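# Observations on the three-dimensional arrangement
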Amino acid sequence: MPDDVQELLDGLQSADGIFCVDRNQRIIHWSPSAEQILGHPAHEVLGRFCYDVLGSRDSQNYRFCRPNCPIVANARRGRLTSDYDVLTRTKDGSEVWINV
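This one's a predicted model, so the numbers in the text were calculated from it and none came from an experiment. (Residues numbered from 1 in each chain as written. Predicted model: local features only at pLDDT ≥ 70, side-chain atom pairs only at ≥ 80, totals over all residues. Heavy atoms only, no water.)

## Here's the deal with the overall build of the chain
From N to C terminus, the chain includes five helices and four strands. Helices and strands appear in the chain in the N-to-C order α-β-β-α-α-α-α-β-β. In the chain, the share of contacts with a sequence separation of at least 24, taken over all contacts with a separation of at least 6, comes to 30%. By element, 49% of the accessible surface of the chain is carried by carbon and sulfur atoms, the whole surface being about 6700 Å². (Helix = DSSP H or I, 4+ residues; strand = E, 2+ residues; numbered from the N terminus. Contact = heavy atoms within 4.5 Å. Areas by Shrake-Rupley, 256 points an atom, 1.4 Å probe, with all protein chains shown as cover.)

## Focus on the packing of aromatic side chains
Overall, the coordinates contain three aromatic pairs when judged by the stated rule. Here the aromatic rings of Phe19 and Trp30 are separated by 5.7 Å at their centres, their planes lie at 45°, and the arrangement is tilted. Within this pair, whereas Phe19 is found in strand 1 (residues 19-21), its partner Trp30 is found in strand 2 (residues 27-30), the two being separated by 11 residues in sequence. On the accessibility criterion, Phe19 (29% relative accessible area) is partly exposed. The ring of Phe49 carries the charged tip of Arg26 above its face, separated from the ring centre by 4.0 Å. (Phe/Tyr/Trp six-rings, centres within 6.5 Å; stacked < 30°, edge-to-face > 60°. Buried < 20%, exposed > 50% of the residue type's maximum accessible area, 1.4 Å probe, protein only. Lys NZ or Arg CZ within 6 Å of the ring centre and 35° of its normal.)

## Some thoughts on the pattern of salt bridges
It is possible for side chains of opposite charge to pair when their charged atoms get near one another. Here the structure, examined in full by the defined rule, presents two salt bridges. Here Glu44 ties to Lys91 by a salt bridge, and the two come within 2.9 Å at their closest N and O atoms. Highlighted residues: Glu44 in helix 3 (residues 42-45) and Lys91 in the loop between strand 3 (85-89) and strand 4 (95-99), separated in sequence by 47 residues. A salt bridge links Glu95 to Arg89, with the shortest nitrogen-to-oxygen separation between them at 3.2 Å. (Salt bridge = Lys/Arg side-chain N within 4 Å of Asp/Glu carboxyl O.)

## Digging into unusual backbone geometry
Phi at Gln25 is positive, roughly 70°, even though this residue is not glycine. With respect to the helices and strands, the residue Gln25 is situated in the loop between strand 1 and strand 2. Overall, the relative accessible area of 3% leaves Gln25 in the buried class. Although it is not a glycine, Asn61 sits at a positive phi angle of roughly 70°. Here Asn61 is to be found in the loop between helix 4 (50-54) and helix 5 (70-76). Residue classification places Asn61 among the exposed residues on the basis of a relative accessible area of 53%.

## As for the pairing of strand 2
With three bridges joining them, strand 1 and strand 2 adopt antiparallel strand pairing. Bridge pairing in strand 2 links Cys20 to His29. The hairpin formed by strand 1 and strand 2 contains five residues between the paired strands, and Gln25 there has a positive phi angle of roughly 70°. (Pairing = 2+ DSSP bridges.)

Structure representation (structure tokens):
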């Protein structure tokens, strides 16, 4: 990741959890708020696939987080994605709904 982008991300302060992935869906940024919400420290998730860390499901219990998920497919095509809710697990195994 370019230094100026990393500097920008590191300077963000938000109660919302922020994470970024690269083209291969590997996590390249994990904010302190994401760490607080989901319990995974950044050093444990950086470089891992987002779908392996989040493993989220939708309200119909359909696995939403997966290789080439709709969000990544849209990003690759330059399309926007509306926010959505998914059920994921924290590091300790508790289920939590998050809005992405």
